[in-house]
Amino acid sequence: ETGVTQTPRHLVMGMTNKKSLKCEQHLGHNAMYWYKQSAKKPLELMFVYSLEERVENNSVPSRFSPECPNSSHLFLHLHTLQPEDSALYLCASSQDLGDNEQFFGPGTRLTVL
Amino acid sequence: SQKIEQNSEALNIQEGKTATLTCNYTNYSPAYLQWYRQDPGRGPVFLLLIRENEKEKRKERLKVTFDTTLKQSLFHITASQPADSATYLCALALYSSASKIIFGSGTRLSIRP
């Protein structure tokens, strides 16, 4: 595997379910990101991790809980989501924070019923 | 209020012509600006980065300009090809936090043969 991978690619869940999104980067990068992309809206930065420490949390509801166990893996734990949380969730990584290009995964298409 | 605006409508260009996409921003002091390409069902792919003290950047058929007085970046694709059809996103990185990237909503570009 190369680049940034995300699993699952598609997820349908009920509002009472608990699920997790997984991201893995094989690039040796130190920074990882979670973004939300809703239809006809700009990409929204949700969380930023640098060297496994969270450095940014953009007022994201607590029903989204990130976890970064090591520099290669990033999780987004989901619980009691709302239908408006349905979106494409994208993971990205970069060498460091700052002026480096971000490498994006293919995303997880989430549908909340 | 702070805003990033890209061409709101889809852009249709004849093959071989130059496509020009705009990114305007207000009330930001960006450290640098990036352009990404996104194809349907995929994550964005980095194209070019231009810093606030640079006027122009080139990469093969791509050219980006950055005018901090006008608060505008222009993205040009010369000798456009149908394979260039995609959505193009601009993203600003703010001085206040190198980890804070703000994306525009994107412009969908279609190149007709």
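Note: the structure precedes this text.
All values derive from a computational prediction rather than experimental measurement.

Visitor: Help me understand the overall build of chain A in this model?
Guide: Of the regular secondary structure elements, chain A holds 0 helices and 11 strands. In terms of overall dimensions, chain A is globule-like: its C-alpha atoms have a radius of gyration of 13 Å, near the 13 Å expected for 113 residues. Dimensions of chain A along its principal axes, counting C-alpha atoms only, are 35 × 30 × 30 Å. Looking at chain A residue by residue over its 113 residues, the buried ones come to 45%. Entry remark: accessible area of chain A is about 5,400 Å², with carbon and sulfur atoms responsible for 48%.

Visitor: Sorry if this is basic, but what is going on with the sheet that holds strand E1 (residues 4-7) of chain A here?
Guide: Hydrogen bonding along the main chain pairs the strands of a sheet, whether they run parallel or antiparallel. Residues and elements named next belong to chain A. The 4 strands are arranged E1-E3-E8-E7 in an open sheet whose pairing can be described as antiparallel. The two strands at the open ends of the sheet, each matched to only one other strand, are E1 and strand E7 (64-70). Strand-to-strand twist across the sheet, computed as the mean angle between neighbouring axes with direction ignored, equals 20°. Two elements, E1 and strand E3 (residues 18-25), share 4 bridges in a ladder whose sense is antiparallel. Its bridge partner lying in E3, Thr5 is registered against Glu24.

Visitor: Is there a simple way to explain the layout of surface pockets in this structure?
Guide: A probe as big as a water molecule, rolled over the atoms, marks out the empty space that is left. The calculated volume of the largest pocket comes to roughly 670 Å³. Of all elements in the fold, only strand E9 (86-94) and strand E11 (107-112) of chain B reach the threshold of two or more residues within the lining of the largest pocket. Taken together, the residues of the lining of the largest pocket sort by class into 9 nonpolar, 12 polar and 7 charged. Volume-wise, the second largest pocket comes out at about 350 Å³. Forming the walls of the second largest pocket are 21 residues, and the residues nearest its centre are Leu43(A), Glu44(A), Leu45(A), Met46(A) and Asn58(A). Broken down by secondary-structure element, the contributors of at least two residues to the lining of the second largest pocket are strand E5 (44-50) of chain A together with strand E10 (101-103) of chain B.

Visitor: Got a minute to help me understand the state of the cysteines in this structure?
Guide: Disulfides are covalent bonds that connect the sulfur atoms of two cysteines. With the rule as written, the count across this model stands at 2 disulfides over all chains. Between the sulfur atoms of Cys23(B) and its disulfide mate Cys90(B) the distance is 2.0 Å. Its S-S torsion of about 60° marks the bond between Cys23(B) and Cys90(B) as right-handed, since a negative value means left-handed. Taken together, the residues Cys23(B) in strand E3 (residues 19-26) and Cys90(B) in strand E9 connect sequence positions 67 residues apart. Residue Cys23(B) is classed as buried on the basis of its relative accessible area of 0%. On the accessibility criterion, Cys90(B) (0% relative accessible area) is buried. Here Cys68(A) is not cross-linked by a disulfide; its sulfur's nearest cysteine counterpart is in Cys91(A), at 9.1 Å.

Calculation notes
- Residues numbered from 1 in each chain as written.
- Chains lettered and ligands numbered in written order.
- Predicted model: local features only at pLDDT ≥ 70, side-chain atom pairs only at ≥ 80, totals over all residues.
- Heavy atoms only, no water.
- Helix = DSSP H or I, 4+ residues; strand = E, 2+ residues; numbered from the N terminus.
- Rg over C-alpha atoms; globule rule 2.2 N^0.38 Å.
- Buried < 20%, exposed > 50% of the residue type's maximum accessible area, 1.4 Å probe, protein only.
- Areas by Shrake-Rupley, 256 points an atom, 1.4 Å probe, with all protein chains shown as cover.
- Pairing = 2+ DSSP bridges.
- Axes fitted to C-alpha atoms, helices over the stretch in contact; angles between N-to-C directions.
- 1 Å grid on protein atoms, 1.4 Å probe; cavity = no way out; pocket = protein on both sides within 12 Å on 5 of 7 lines; lining within 4 Å.
- Points joined across faces, edges and corners; volume = space filled by probe spheres on them.
- Nonpolar A, V, L, I, M, F, W, Y, C, P; charged D, E, K, R; others polar.
- Disulfide = S-S within 2.5 Å.

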